[in-house]
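Per-entry structural report
As a plain string of letters, each chain reads:
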Amino acid sequence: MTLKEIYAAIEKIGCLSITTLDGETMHPRIVHMMGQDDDGIYFLTMNSKPFYRQLKANGHLALCGIWPSSYATGKNEVGQPAWEPGYTFRLSGHAREMEMDTIKKRADAGNGMFQYFLEDAARYPATKLFCIYKGKGEIFDYDFEMVNRDHKVLRTRFSFGGETHNAPGARITGDCIACGICEDTCTFKAVVAGEPFTIDGSRCDECGSCVEACPQDAIELPWTL
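Bear in mind that the values here come from a model prediction, so they are computed numbers and not experimental data.

**Side note on the overall build of the chain**
A count of helical and extended segments in the chain gives six helices and 14 strands. Dimensions of the chain, computed from C-alpha atoms along their principal axes, come out at roughly 65 × 40 × 35 Å. Here the chain holds 225 residues, and 39% of them are scored as buried. Sequence separation of 24 or more characterises 64% of the internal contacts of the chain that already satisfy a separation of 6 or more. Accessible area of the chain: about 12400 Å², with a carbon and sulfur share of 49%. The chain carries 23 positive and 31 negative side-chain charges, and their two centres are separated by 8 Å.

**What to know about the nonpolar core**
If you look at the biggest cluster of nonpolar residues, it comprises 26 residues, and the most contacted ones within it are Met-33, Ile-41, Phe-43, Phe-89 and Ile-132. It is helix α1 (residues 3-13) that provides the largest number of residues to this core, a total of six residues. Ignoring anything within four residues of it in the chain, the contact list for Phe-89 reads Ile-6, Ala-9, Ile-10, Ile-13, Leu-16, Leu-63, Cys-64, Gly-65, Glu-138, Ile-139 and Phe-158.

Calculation notes
- Residues numbered from 1 in each chain as written.
- Predicted model: local features only at pLDDT ≥ 70, side-chain atom pairs only at ≥ 80, totals over all residues.
- Heavy atoms only, no water.
- Helix = DSSP H or I, 4+ residues; strand = E, 2+ residues; numbered from the N terminus.
- Buried < 20%, exposed > 50% of the residue type's maximum accessible area, 1.4 Å probe, protein only.
- Contact = heavy atoms within 4.5 Å.
- Areas by Shrake-Rupley, 256 points an atom, 1.4 Å probe, with all protein chains shown as cover.
- Lys, Arg positive; Asp, Glu negative; His and termini not counted.
- Charge placed at Lys NZ, Arg CZ, Asp CG, Glu CD.
- Core = buried A, V, L, I, M, F, W, Y, C linked by side-chain atoms within 4.5 Å.

Rendered as structure tokens:
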């Protein structure tokens, strides 16, 4: 995915939860992202806030959000909570403060995002601009009731700024005897028949049902993002 596509998913959500570290303690808050370019994704804070001090001490951060709603619409035919189709977004990355000389040069070149920052900083001098310059994440597109397609989830993972990511989903090893129990167990239509069977990670919810059902212990748990 391009940074433009990643930001489009963020912009559609609106405000996201963003978490930083203060020592070993995690601190979440709600933030609206400002924009993006080829260098990364941008947001504002003020140097009077603990948020700023945490970013300066340790640039690690994590974002997450959901669209269109985190509320269930009721229950489906088997009694589980039902959601209208949508997606969740998550990103783990690193941010750095932008230097004022760079901001002014880009504003002078006609970049509206940087022009807006200078206008805002004139009103609130403590305002600072940060760029998430590298990161990795996932868009988890869900349609649990299969309203718009014939499978429940579509996971798209991404990385930028030199970061890398692991593929999603559980993995079937060479110990598979092609008995088909995992395919029968999977309600996400992620298992592909063969010798050995395989799992389409983009469809895998990582629910663990196949792992529990496999008589050969031939299915490995998914990797961390």
